[in-house]
Every structure is written in structure tokens, then in C-alpha cells.
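Spelled out, the chains give:
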Amino acid sequence: MSQEPYQIPLPPPPPSRATSEPWVASTNTPNTMKCISHENIFTSAEGQARKAYQWFIRDKRLTGDEVDDFVFISNYKPVKPIIQNGPLCGMVALAMASELTQEKVVSTEDIYDEAKRCGFSLQGEMFSALYMQRLASQFLDCDVKLVTLTSNEQFSGKGASWIVVKALLEDNLLLFPYDADKNHGPCQAKGHKAHWALVTGFFTAIKRDTVESHSLNCLRQDDEVKGLYYWDGGGTVDSDNKFVDILSKSADFKIYTHQGKSKYCGTWYLKDMLESNSNLLEVGPDRNSEEYVIPEGGVEEGLRCKALLVCPGNS
């Protein structure tokens, strides 16, 4: 008889495929903004993985025997969330990234002041991944690379999923532009709801028979949950990209995200995020483009199929 999987109290059900709480924007302007840091909302890597595990089982309606057919792998870097006050989503994501790259955390206010001084932003908006890369390179004590999420010669012609999976398996972070739905998860709104998120890890479920048993020896097993393993970042060997190849083909690969409109970690399907990112085409009709810094070529040239690769181990 198969052992029943470890059970923990279930969190509230997510409103859709994205998991985060609603948020009401402040009416304060960036000039008087003060972003809020929630130091008491801090979920451990193990706690976040067990939540994702339970969400997956419930979403797929798996029985105990069916759960045993899967291997669950997680890697999450806890972040103290910062809530934006005004249209500062990119700068808040960058400030949260600094928590994981250096001892001194960068303030959103300092990033905003520098963006205005450089002519990258007027109100805190960030419609250019290139401008974002320049700011990140200035404020983060590590390498920050602008990555094109299409078939990319830099990655031997591999596609977007492979690029993101490899980046996360190498213990990197991603700053990701996308369209945000009402629950802050990814949607396709042609760039009208453009937003930024920080990707700090991943959760995935793969069929056990697709993984060689000895490959699991390099993963750390959860102390309480059968079948749940932890990928401990860049120290885990994947020199031949076997795990990248396997995980990038998984329809159940999810990313852990933090963004400035919720104090909780989001768990979103990578496929949804990439589709949203590739659909960033234009400024929303309800926005006056004269009130923002729009790069040459517009939102499509500035954000579409682009992300920033943040490499904490390299400086």
C-alpha cells in the first residue's frame, strides 16, 4: 500500500492559475511615495515548496497513488516583500532583488531619483528593459544581463523556456516584464497592463520515470514530504544540461514571483508568463503617453520578449 503524502493545512485557494492577494493602489504620487516593506511576511524555502506541492495536488486532483508517480522539485529564495506606492513596479522589483544580491538593500526612492535624473522615467514607469538593465547594473553588486526570450544564439538557439529554466537552475534571478491581471498574475493585454515582477525560483512536477534515479541523489529531499526535493542552486551539478532539457519541456513548470502589488509570493506557470511577455505591444489607450518616458520603438521594442538575468554569484 502506498504511503499517503504529507498533509499540511491548505492555504486559501488561488483565484486562478496565479496565486496572490488583491491589492488596492494608493492615490499618492511618486513624489510623496513611501513604499512599504513587509518584514513579517517571510516564508521559508521549505514552507513555500510545501504550499506549491499542495496546490499542485489539489489543482490536478491527484490521488495518493498518482502523487507517487511524480517527483516534485523546488528552489525558492525568500524575499521580504515591498508594496509599491505609485507606478513603481519595476523599481520595487529591483529593490527586492537587492535583498538577494548584497548586504545593503537599495531603496525604491533612490532608484526612482536616479531613473528621473537619467531620463528613464517620469512617474516611476519603466517601459524599457534596456533602461532597467542600466539601473540594475548601477544598484546591484552583480552582473545583470539583458536577455532576448526568443531563439537565442547566446544560448545555442534554444527557446524562451529553456533560457529561463537554465537561468533558474544556475541560481540566478530574473526581472520580468509582463501584463498583470486583476489577481496580479500574467495575462495577455497587449501591454496595456504592463508590470514588472522578480522571479526568485521555481517549482515543478515531473513524471518519476523521466528522471534517472541516480539524478535525484544530487537533490536534497524534504524531511516531511515524500517525493519533494530541493534544487540547491548553482552548487548542484548539471554540466550537461540534462535537467534543463527535462524541465524546460514540462507543462507543469512554475515560477516563484514577487511584485509590488501583493505581499505574498505568486506561483505562476512559466508558459503563461512567457505568453504574457511576448504580448507586450503598446501603451494602454487610457494612458497619456506624454506623461511617461516611452522608448524609441514603443513598448514592443522596449519590453516584448525581453527580461533581465540577475547573476548574484558574478560581479
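Relevant structure appears above.
If you're wondering where the values come from, they're calculated on a predicted model, not measured in any experiment.

Trainee: Break down the packing of helix α3 (residues 89-98) against helix α4 (residues 108-118) for me, citing the residues and quoting the values.
Mentor: Their axes nearest at 9 Å, the elements α3 and α4 cross at an angle of 130°. The orientation of α3 with respect to α4, classified from their angle, is oblique. The chirality of how α3 crosses α4 is right-handed. Residue-level contacts link Met91, Val92, Leu94 and Ala95 of α3 to Thr108, Ile111, Tyr112 and Ala115 of α4. Residue classes in the contact of α3 with α4 are distributed as seven nonpolar, one polar and no charged.

Trainee: Could you give an account of the side chain of Gln102, with specific residues and numbers?
Mentor: Note on placement: Gln102 falls in the loop between α3 and α4. Residue Gln102 is classed as buried on the basis of its relative accessible area, which comes to 14%. Sequence-distant contacts of Gln102, defined by excluding residues within four places in its chain, comprise Phe139, Leu140 and Asp141.

Trainee: Describe the environment of Gly297, naming the residues involved and giving the relevant values.
Mentor: As for its placement among the helices and strands, Gly297 is situated in the loop between α8 (270-277) and α9 (298-303). Separated by 169 residues in sequence, Gly297 and Ser128 place their C-alpha atoms 9.9 Å apart.

Trainee: Could you give an account of the nonpolar core, naming the residues involved and the relevant values?
Mentor: Met126, Leu175 and Trp196 are the most contacted members of the largest nonpolar core, which totals 40 residues. Elements with a contribution of two residues or more to this core: α3, α4, α5 (129-139), β5 (173-180), β7 (194-207), α9 and β12 (306-311). At eight residues, α3 tops the list of elements feeding residues into this core. Apart from the residues lying within four places of it in its own chain, the contact partners of Met126 are Met91, Ala115, Phe120, Ser121, Tyr131, Met132, Leu135, Trp196 and Leu303.

Trainee: So what's going on with helix α6 (residues 160-169)? Residues and values would help.
Mentor: For the α-helix, the turn length of 3.6 residues means that residues three or four positions removed from each other point alike. Burial of α6 is extensive: nine of the ten residues sit out of reach of the surface. Among all positions in α6, only Ala160, Trp162, Ile163, Val164, Val165, Lys166, Ala167, Leu168 and Leu169 are buried. One or two positions beyond α6, positive phi appears at Asp171, with a value near 70°.

Trainee: Describe the environment of Trp231, naming the residues involved and giving the relevant values.
Mentor: Structurally, Trp231 is set in the loop between β9 (228-230) and α7 (242-248). Residue classification places Trp231 among the buried positions, given a relative accessible area of 1%. Trp231 sits ten residues away from Gln221 along the chain, and the two C-alpha atoms are 9.2 Å apart. Within the local environment of Trp231, its side chain forms a polar contact with the backbone oxygen of Leu169, the two atoms lying 2.8 Å apart.

Rules used throughout
- Residues numbered from 1 in each chain as written.
- Predicted model: local features only at pLDDT ≥ 70, side-chain atom pairs only at ≥ 80, totals over all residues.
- Heavy atoms only, no water.
- Axes fitted to C-alpha atoms, helices over the stretch in contact; angles between N-to-C directions.
- Helix = DSSP H or I, 4+ residues; strand = E, 2+ residues; numbered from the N terminus.
- Parallel < 35°, antiparallel > 145°, perpendicular 65-115°, else oblique.
- Left-handed = near helix turned anticlockwise from the far one by under 90°.
- Contact = heavy atoms within 4.5 Å.
- Nonpolar A, V, L, I, M, F, W, Y, C, P; charged D, E, K, R; others polar.
- Buried < 20%, exposed > 50% of the residue type's maximum accessible area, 1.4 Å probe, protein only.
- Core = buried A, V, L, I, M, F, W, Y, C linked by side-chain atoms within 4.5 Å.
- Polar contact = N/O pair within 3.5 Å; in protein donor to acceptor, adjacent residues only side chain to side chain.

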